Amino acid sequence: MSATAEAAPGPGTGTATGTLWGNRGWQRLWFSQAVSVLGDHVFNTTVLLWIGTTVAAGEPWAPAAVSGVLIAAAVPVLVVGPLAGVYVDRLDRRRVMMAADLLRAVFVGVLLVIPLAGDGWPAWAQLTLIYGMVALSSSAAQFFNPSRFSLIASLVDEEHRTRAFGLLTATTGTAAIVGPPLAAPLLFTAGVEWALVVNVCSFLVSYAAIRLLRVPAGARDARSGGGAFRSELAEGLRFFVRNRVLLLLVGTVFVYMLGVGALNVLNVFFVTENLHTDASWLGTLNAAFGVGSIAGSLLAAKYAHRLGETRVFAFGIALTGVVILVYSRQSHLGIALAVLALASISIAAVNVVVGPLVLRVTPQHLLGRVNAVLNPAVYLASILSMALTGFLASTALRDLDGEFLGVHIGRIDTIYGCGALMMTTAGLLAIRPLLRHAAGPGPEKAPRGGDTGGAA
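Source: prediction; values computed, not measured.

**Here we look at the overall build of the chain**
Here comes step 1: A count of helical and extended segments in the chain gives 15 helices and four strands.
Here comes step 2: The buried share among the 456 residues of the chain stands at 51%.
Here comes step 3: A separation threshold of at least 6 residues defines the contact pool for the chain, and within that pool the share at least 24 residues apart is 86%.
Here comes step 4: Accessible surface, the chain as shown: approximately 19800 Å² in total, 67% of it carbon and sulfur.

**With respect to helix 3 (residues 81–90)**
Here comes step 1: With respect to burial, helix 3 is a largely interior element, seven of its ten residues being buried.
Here comes step 2: Regarding helix 3, the residues found buried are Gly-81, Ala-84, Gly-85, Val-86, Val-88, Asp-89 and Arg-90.

**Details of the pattern of salt bridges**
Here comes step 1: In this structure the tally under the stated criterion is nine salt bridges.
Here comes step 2: Its salt-bridge partner being Arg-93, residue Asp-89 comes within 2.8 Å of it at the nearest N-O pair.
Here comes step 3: Via salt bridges that share partners, Asp-89, Arg-93, Glu-235 and Arg-369 belong to a single interconnected network.

**Brief notes about the packing of aromatic side chains**
Here comes step 1: Across all of its chains, the model carries seven aromatic pairs by this definition.
Here comes step 2: Considering the side-chain rings of Trp-21 and Trp-30, the 5.4 Å spacing of their centres and the 85° angle between planes classify their relative orientation as edge-to-face.
Here comes step 3: Exposure remark for Trp-21: the relative accessible area of 36% places this residue in the partly exposed category.
Here comes step 4: Judged by centre distance (6.1 Å) and plane angle (25°), the ring pair of Tyr-327 and Tyr-416 falls under stacked. In this pair, Tyr-327 is assigned in helix 12 (residues 309–328) and Tyr-416 in helix 15 (residues 411–438), connecting sequence segments 89 residues apart.
Here comes step 5: By relative accessible area, which is 2% here, Tyr-416 ends up buried.
Here comes step 6: By the ring-pair criterion, three or more aromatic residues cluster together here, those being Trp-21, Trp-26 and Trp-30.

**Things to note about the pairing of strand 3 (residues 401–404)**
Here comes step 1: The sheet contact formed by strand 3 and strand 4 (residues 407–410) spans four bridges and is antiparallel. Looking at the pairing, Phe-404 lines up with Val-407 of strand 4.

**Topic: the packing of helix 2 (residues 62–79) against helix 6 (residues 123–155)**
Here comes step 1: At their nearest, the axes of helix 2 and helix 6 sit 7 Å apart, and the two run at 30° to each other. Between helix 2 and helix 6, the interaxial angle falls into the category roughly parallel. Of the two elements, helix 2 crosses helix 6, and the hand of that crossing is right-handed. Of the residues in helix 6, those touching helix 2 at Ala-64, Ala-65, Gly-68, Val-69, Ala-72, Ala-73, Pro-76 and Val-77 are Leu-127, Tyr-131, Val-134, Ala-135, Ser-138, Ser-139 and Gln-142.

What counts and what doesn't
Residues numbered from 1 in each chain as written. Predicted model: local features only at pLDDT ≥ 70, side-chain atom pairs only at ≥ 80, totals over all residues. Heavy atoms only, no water. Helix = DSSP H or I, 4+ residues; strand = E, 2+ residues; numbered from the N terminus. Buried < 20%, exposed > 50% of the residue type's maximum accessible area, 1.4 Å probe, protein only. Contact = heavy atoms within 4.5 Å. Areas by Shrake-Rupley, 256 points an atom, 1.4 Å probe, with all protein chains shown as cover. Salt bridge = Lys/Arg side-chain N within 4 Å of Asp/Glu carboxyl O. Phe/Tyr/Trp six-rings, centres within 6.5 Å; stacked < 30°, edge-to-face > 60°. Pairing = 2+ DSSP bridges. Axes fitted to C-alpha atoms, helices over the stretch in contact; angles between N-to-C directions. Parallel < 35°, antiparallel > 145°, perpendicular 65-115°, else oblique. Left-handed = near helix turned anticlockwise from the far one by under 90°.

Below, the structure written as structure tokens:
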């Protein structure tokens, strides 16, 4: 895994046409992402349905069994993610991605022993194996994702990076819409083994696409010195906490995710209590959100670089808060659909520009470690938001139902409104310092090699 990727001449990957799609390295990276993320969505839905309808079917503990999958996937993000960044910065990122794809193909493939062995397995044994393989697969993803993020800096010129991130985000959004509907018929008609095979094949196809990548020779110099593990980890953390732009980004996104997380937990109750309609309409709301996300990603891909990524980021967060505040006051389904789609456009635009902003202020030899700090922080904010909103809606605000200045106040719209105000405040506060730093020089300098102390 430490061998060097094949080199290609010139900056980026030699984009002679001067366009993003004229960049063969980008084409292969995008294709691997498209195939892999589609397989992930098929697999994620398959596993949840498999446990709920087969492994734990009819059992009173079935909901807990299903939530166990989510926990198994989440723990590596918080535990493995921050540590993986050190190795991503040390090693050839292309080969790290290839190894991660092969490992994930193996981990998912191991689950085939359950359907192939028949019905003799007890439920606890099946769940143990499923949880274990999901956790291992998620751990491998903690190496794959920051490696892909770092490769974008090597493969794509700065002027095209925002568009690249926009297209990747749009591709992920499309897979989120297409993948789950494919999983159910595949599971219930062909069987769980074929749903697993589809995901294994997606990782192998992704591996093949990444193997064809030709990384520029200069990317080899962007790796860290390979010193002591603790020293390199500390070097990345020090750079992160001393970089004001990164701190602004992660702080603003943290507050932003607290508001967005409330939508994920409470939207089903918003449909029934505030929109006064059947819970089955939640799927339509989710579809409107998905379509808006794809539109927002494509719009950001085209226009964000011209407008300025810092402006799109800060104003996008502030605008998201305003739109969600409007959404929280809706009582008509049709208007709520339109407002939620509008909110998803600004949410997607914010997601697109975070990557280019991080690349702009981070030296390439620290990208893995910086990304491995940023992602768990955002994930932690999402988890805290879902836990806090669920707690408030079930306890302190459970019976909230009244009027204030002629406006009806309920538990769901109150939580949405508070989250929206936090978003808008965070976005407005971030505008001036981000614009000030945007006028400064590029990536801040960081020492190479780190300290010499600490054990590996």
